[in-house]
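Chain by chain, the residues run as shown.
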Amino acid sequence: MVAPAWIGDTVMAQALFGRLHQHTPGLQLDALAPRWVAPVLQRMPEIGQIIDSPFIHGELSLTARYRLARQVALAGYQRAYILPNSLKSAFIPFFAGIPERIGFTGEARYALINRRHTLDPIALPQMADRFAQLAEPVGALLLRPLALPRLASSTDQQAATLAVLGIKRPEKVAVFCPGAEYGPAKRWPARHFATLADQLASRGYAIWLLGSAKDKAVGDDIVGLATAAPAPVNLCGRTSLTQAIDLIATSTFVVCNDSGLMHVAAALDRPLVAVYGSSSPGFTPPLSPRATIISLNLDCSPCFKRECPLGHLDCLNKIEPQRVLDACLAGTAA
C-alpha cells in the first residue's frame, strides 16, 4: 500500500485497511509511507511492515524511486493499493513489477495502474469513502457503514511519554491543536484560543498546546495572550508525532482546527471540538461520534483557500470562544 502524504488522510485511510482484512483474512498489509506519517501507521493493528519513503512533497527523483522499487520487488507483493492520486506515487509499484496496481485514475496514470477506479464524488462524498472504495471491485457499490478509525495508545505508552517529557498527568487536561498545515484560513485565531484557555484554567483544567515546530509561534502567541493560571504549556515542536498521540490519548478533551491532529484525536476516541473555516466538514470530518463540529456555514465558505480571499476571515473570527467552551463542557458531560 502506498500511503497518503498527510497525517489526516492516513487516519481516514484506515477504513480501507480494515475492509481489506475483512475481504482477505490473514492478509499481510505493508505500507510504503513518508516518515512523518509512519507513527500513525505504527498505531494501526492492520499494518505490518512500514517501508520508508524518503521523498518530500513534489520531489520526482525517478532514479531514486527506481532503486527503492527494486528493493520493494524482493518482497514479491501481489497487489499494491496506491492511495495518493499523483503520478509519481504510482511509479514505485510499477517499477517493482507488482502485478495488480489499484487506485483511482488520477493524473493520467493509465499505464501505471491496471485496476483503475473512476471517482464519483456524489457516490463517494467523503475522503474515507474514496479510500475504502479501492477495496471493492471496479464499479461496485461501496458497502456502508465503514469502521471508524482507531489508533492504539496504551497506558504504558502514555506513562512512558509523560516520563520522557517530564510532564505530570493532570486530573483534567484540555489539549489545543492550534495549527493547520494547509494555511491561515484553517486556523482559529490565537486570541480566541487564549480566551478559551483562560476560561478553562478557571475551571481547573491544565492546557497543553500540541503541534509541529511550525506551530510554535502561534503557540507562543496563545501563551502570551492568556492571563489565567495555570498558563498554557506550549509543546508545539517539542514532541514527536508518537508522543503527541499519547498525550492526546490522556486528554479530557481536544480543541482543534481541521488538521491532522484533529483526525488523530478522533481516532483516539477523545471528546473533540473541531473548528472549521475555509475547509468542508462534509468532505473530511472527524470520524467519531464524540466529535462536535463548529462551522458558521457562511456564504463565502468553504472556499478551500489557504488565506482568506476577502481579507476578513469571518468564518473563523466570528466563532466566539464561549460557543467553543459550551461545546467542550457539553462533550465531557455526554
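Definitions and cut-offs
Residues numbered from 1 in each chain as written. Predicted model: local features only at pLDDT ≥ 70, side-chain atom pairs only at ≥ 80, totals over all residues. Heavy atoms only, no water. Helix = DSSP H or I, 4+ residues; strand = E, 2+ residues; numbered from the N terminus. Rg over C-alpha atoms; globule rule 2.2 N^0.38 Å. Buried < 20%, exposed > 50% of the residue type's maximum accessible area, 1.4 Å probe, protein only. Contact = heavy atoms within 4.5 Å. Areas by Shrake-Rupley, 256 points an atom, 1.4 Å probe, with all protein chains shown as cover. Lys, Arg positive; Asp, Glu negative; His and termini not counted. Charge placed at Lys NZ, Arg CZ, Asp CG, Glu CD. Pairing = 2+ DSSP bridges. Core = buried A, V, L, I, M, F, W, Y, C linked by side-chain atoms within 4.5 Å. Axes fitted to C-alpha atoms, helices over the stretch in contact; angles between N-to-C directions. Polar contact = N/O pair within 3.5 Å; in protein donor to acceptor, adjacent residues only side chain to side chain. Parallel < 35°, antiparallel > 145°, perpendicular 65-115°, else oblique. Left-handed = near helix turned anticlockwise from the far one by under 90°. Nonpolar A, V, L, I, M, F, W, Y, C, P; charged D, E, K, R; others polar. Salt bridge = Lys/Arg side-chain N within 4 Å of Asp/Glu carboxyl O.

S.K.: Got a minute to help me understand the overall build of the chain in this structure?
M.R.: Within the chain, the secondary structure is distributed over 13 helices and eleven strands. Whereas a compact globule of 334 residues would reach a radius of gyration of roughly 20 Å, the chain reaches 21 Å, a difference of no more than 12%. Dimensions of the chain, computed from the C-alpha atoms along their principal axes, are close to 60 × 45 × 40 Å. The 334 residues of the chain split such that 53% are buried. Look at the contacts in the chain between residues 6 or more apart in sequence, and 60% of them connect residues 24 or more apart. As displayed, the chain has an accessible area near 14800 Å², and 56% of this comes from carbon and sulfur atoms. Positive and negative side-chain charges of the chain, numbering 31 and 25 respectively, have mean locations separated by a distance of 4 Å.

S.K.: Looking at this structure, I do not really get the pairing of strand β7 (residues 206-209). What am I missing?
M.R.: For a regular strand, side chains alternate in direction, first toward one face of the sheet and then toward the other. Here β7 shows no split at all, with Ala206 and Trp208 on one side and Ile207 and Leu209 on the other all buried. Relative to strand β8 (residues 233-234), β7 runs parallel, the two being bridged by two bridges. For Leu209, the partnering residue across the bridge sits in β8 and is Asn234.

S.K.: What should I look at first to understand the nonpolar core in this one?
M.R.: If you look at soluble globular proteins, the nonpolar side chains tend to sit buried side by side. Ranked by size, the top nonpolar core spans 61 residues in total, and within it Met1, Phe17, Leu41, Leu83, Ile248 and Val264 carry the most contacts. Residues in contact with Met1, not counting those within four places in the same chain, are Phe17, Leu29, Asp30, Ala31, Leu32, Leu41, Ile47, Tyr81 and Leu83. Residues Ile222, Ala226, Val275 and Ile294 belong to the second largest nonpolar core, which totals 29 residues.

S.K.: I keep staring at the sheet that holds strand β5 (residues 115-117) and nothing clicks. Help me out?
M.R.: In a beta sheet, neighbouring strands are held together by backbone hydrogen bonds and run either parallel or antiparallel to one another. Strand order in this open sheet of three strands is β3-β4-β5, and the pairing throughout is parallel. Looking at strand neighbours, the two that pair on one side only are β3 (79-81) and β5, the edges of this open sheet. Across the sheet, the axes of successive neighbouring strands diverge by a mean angle of 15 degrees, strand direction being ignored. Pairing between β3 and strand β4 (residues 100-104): three bridges, direction parallel. Within β4, the position partnered with Arg79 by the bridge is Glu100.

S.K.: Would you mind going over the sheet that holds strand β11 (residues 291-294) with me for this structure?
M.R.: Strand order in the open sheet formed by six strands is β8-β7-β6-β9-β10-β11, and the pairing between neighbours is parallel. This sheet does not close on itself; its edge strands, each paired only once, are β8 and β11.

S.K.: For this particular structure, what's the right way to read the environment of Gln78?
M.R.: Turning to its location among the elements, Gln78 is positioned in the loop between α4 (62-73) and β3. Here Gln78 falls in the exposed class, since its relative accessible area comes to 55%. With 180 residues separating them in the primary sequence, Gln78 and Asp258 have C-alpha atoms 36 Å apart. What Gln78 contacts, discounting residues up to four positions off in sequence, is Ile98, Pro99 and Glu100. Only 3.1 Å separates the side chain of Gln78 from the backbone oxygen of Gly76, close enough to count as a polar contact.

S.K.: Sorry, what's going on with the packing of helix α10 (residues 241-249) against helix α11 (residues 260-267) here?
M.R.: For any two helices packed against each other, the geometry is given by the interaxial angle and the distance between the axes. Here α10 crosses α11 at 50 degrees, and the two axes come no closer than 10 Å. With respect to α11, the axis of α10 lies oblique. Judged by the twist between their axes, the crossing of α10 over α11 is right-handed. Counted together, Leu241, Ile245 and Ile248 of α10 and Leu261, Val264 and Ala265 of α11 form the full contact between these two elements. By residue class, the composition of the contact of α10 with α11 is six nonpolar, no polar and no charged.

S.K.: So what exactly am I meant to see when it comes to the pattern of salt bridges here?
M.R.: Pairing between side chains becomes possible if they bear opposite charge and their charged atoms approach one another. Scanning the entire structure with this criterion turns up ten salt bridges. The closest approach of N and O atoms between Arg43 and Asp246, which form a salt bridge, is 2.9 Å. Highlighted residues: Arg43 in the loop between α3 (38-42) and β2 (50-53) and Asp246 in helix α10, separated in sequence by 203 residues. Overall, the relative accessible area of 9% leaves Arg43 in the buried class. Of the charged contacts, one joins Asp269 and Arg150 as a salt bridge, the two residues approaching to 3.6 Å between their closest N and O atoms. Highlighted residues: Asp269 in the loop between α11 and β10 (272-275) and Arg150 in the loop between α6 (127-133) and α7 (155-165), separated in sequence by 119 residues. Look at Asp269 and you get partly exposed, because its relative accessible area is 26%.

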